[in-house]
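Residue-level structural notes
These are the residues of each chain, in order.
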Amino acid sequence: MAVSPVDAAPAAASLKGLLPAELEALAVREGARSFAGRQLLTWMYGRTAASFEAMTDLPRALRVRLAAGYRLEEATVAAERRAADGTIKLLVALHDGARVETVIIPEDDRVTLCVSTQVGCARGCGFCATARMRLARNLAAAEIVEQVVLARRRAAVTNVVFMGMGEPLDNYENVRRAVLLLTAPSGFGLGSRHVTVSTVGIVPRIRQLATDRVPACLTLSLTAPDDDLRSRLMPVNRSWPIAEVLGALRDWADTTRRTPTLAYVLLKGVNDDLVRAGRLAALALKARAKVNLIPFNATLGFERPPEEVVTRFQEVLKRRGVIALIRRERGGEIAAACGQLATEAGRA
Ligand code: SAH
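Quick summary incoming for the structure in this document. Owing to the predicted nature of the structure, the values given are computational and were not obtained by experimental measurement. (Residues numbered from 1 in each chain as written. Predicted model: local features only at pLDDT ≥ 70, side-chain atom pairs only at ≥ 80, totals over all residues. Heavy atoms only, no water.)

1. Some words on the overall build of the chain
Looking only at helices and strands, one finds 11 helices and 14 strands in the chain. The C-alpha atoms of the chain give a radius of gyration of 21 Å, which matches the 20 Å a tight globule of 348 residues would have. Projected onto its principal axes, the C-alpha positions of the chain cover 70 × 50 × 45 Å. Here the chain holds 348 residues, and the buried ones make up 55% of them. (Helix = DSSP H or I, 4+ residues; strand = E, 2+ residues; numbered from the N terminus. Rg over C-alpha atoms; globule rule 2.2 N^0.38 Å. Buried < 20%, exposed > 50% of the residue type's maximum accessible area, 1.4 Å probe, protein only.)

2. Things to note about the site of the ligand
Taken together, 19 residues lie around the ligand, and S198, S221, F296, N297 and G339 are the ones closest in. Interatomic distance of 3.1 Å between a backbone N/O atom of G166 and a nitrogen atom of the ligand. One of the backbone nitrogen or oxygen atoms of N297 is found 2.9 Å away from a nitrogen atom of the ligand. Relative to its free-state accessible area of 530 Å², the ligand is covered by the protein chains to the extent of 95%. Sorting the residues of the shell around the ligand by element identifies strand 10 (195-199) and strand 12 (261-266) as the ones contributing at least two each. Of the residues that constitute the shell around the ligand, the class distribution is 11 nonpolar, 7 polar and 1 charged. (Near = heavy atom within 4 Å. Polar contact = N/O pair within 3.5 Å; in protein donor to acceptor, adjacent residues only side chain to side chain. Areas by Shrake-Rupley, 256 points an atom, 1.4 Å probe, with all protein chains shown as cover. Nonpolar A, V, L, I, M, F, W, Y, C, P; charged D, E, K, R; others polar.)

3. Overview of the nonpolar core
One finds L15, F162 and L262 to be the most contacted residues of the largest nonpolar core, which totals 119 residues. In terms of residue count, helix 8 (residues 242-256) provides more of this core than any other element does, 7 residues in total. Each of domain 1 (20-69) and domain 2 (78-346) accounts for three or more of the residues forming this core. With near-sequence residues (within four places) excluded, L262 lies in contact with L220, L222, L246, L249, L280, A284, A289, K290, V291 and N292. (Core = buried A, V, L, I, M, F, W, Y, C linked by side-chain atoms within 4.5 Å. Domains from an automatic or database assignment. Contact = heavy atoms within 4.5 Å.)

4. Side note on the environment of L41
Looking at the secondary structure, you find L41 in helix 2 (residues 35-46). As a C-alpha pair, L41 and E24 span 17 residues in sequence and 9.3 Å in three-dimensional space. In this structure, L41 is in contact with L18, P20, L23, G46, L181, S186 and G187, ignoring residues within four places of it in sequence.

5. Remarks on the environment of T261
Along the chain, the position of T261 falls in strand 12. Under the relative-accessibility criterion, T261 is labelled buried at 9%. Taking the C-alpha atoms as reference points, T261 and P305, 44 residues apart in sequence, are found 22 Å from one another.

6. Quick notes on the packing of helix 4 (residues 141-152) against helix 5 (residues 172-183)
Orientation of helix 4 relative to helix 5, taken along the N-to-C sense of each, is 40°, at an axis distance of 8 Å. When the axes of helix 4 and helix 5 are compared, the pair comes out oblique. Relative to helix 5, helix 4 is oriented so that their crossing is right-handed. Of the residues in helix 5, those touching helix 4 at A141, I144, V145 and V148 are N174, V175, R177, A178, L181 and L182. (Axes fitted to C-alpha atoms, helices over the stretch in contact; angles between N-to-C directions. Parallel < 35°, antiparallel > 145°, perpendicular 65-115°, else oblique. Left-handed = near helix turned anticlockwise from the far one by under 90°.)

7. Side note on the packing of aromatic side chains
One pass over the full model with this rule turns up 3 aromatic pairs. Residues Y45 and F188 carry aromatic rings whose centres are separated by 4.6 Å and whose planes lie at 35° to one another, so their mutual orientation is tilted. Of this pair, Y45 sits in helix 2 while F188 sits in the loop between helix 5 and strand 10, and the two are 143 residues apart along the sequence. Comparing Y45 with F188 shows no difference in burial state: the two are buried. Ring plane angle 70° and centroid distance 6.0 Å describe the contact between F296 and F302, whose orientation is recorded as edge-to-face. Overall, F302 belongs to the partly exposed group, its relative accessible area being 24%. (Phe/Tyr/Trp six-rings, centres within 6.5 Å; stacked < 30°, edge-to-face > 60°.)

Below is the structure:
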């Protein structure tokens, strides 16, 4: 006989992931004033209280009700590895046993956190380690922001990039919520210039980012300036070819008045020739975008170009007036670098 929902023990619901207005409404539903919702937000993200009991300025009755029906903790750190360059990789265990990786990257005067948005990924880019895991599931907004909470216990995070495992725009609503919480003054309080979403190029969702005014910067992972090669490396290109995705990027830039970034993973002998550098420069100028060059980090199948090829590629872009930075590998020896994120199960 099926157990009715009334008989079943109520499963604890997530509080993290709720937007400020939703927390206020929840406080009122639980018999407190809406202001208590704001206080909750501050406790969860500003001061990171370990229990409801520790939220001393909330009414006692509310604390008891919250403790009975809601959970504060969304994930735990199952393993932690530190690289010589200061990079820290966290293996984060979720409630159902699924695992994702989160990387803390200290550089000069900032600390960038690279968060995952999915367990695995469905987009199948040929050079990416996460792609080999295929998609298990989306992360909840609560699980995305929990990665930031866990990281902030270890470092003063100044920037968050959605460049870990998964395709953020295939998990749009949870990513949107996470961005709103990261930038909410009474939440994490990051400036929208310090939050970046990175995508393989899901055109309708790029347009939605602009319509919804999601307060974040945007990076498009281009990696090939011609449809032929891009379709081979990134199957998403067969649905939305380069002209279409760059059109969406340009409209996003016009609406948000922000400069988008093109990420270009340099693969030895595949996309690192100077003809392609010239084509990339033309596309970047047309899209009014900056370029981040990412020399390939070793996973199966491809190689990283020699240093002088990378520099020459960058020179072509610079000479044409494109702002082009080289993203050096960080945390390589702990498999924490771009495109290396995959849990043991998916690394096989
Ligand atoms: N799905 C999103 C975010 C995750 S990947 C996206 O593709 O943008 C983050 C960045 O790492 C992307 O620019 C991707 O092209 C790059 N990347 C993937 N595998 C890589 C590898 N092995 N070496 C270097 N960069 C890689």
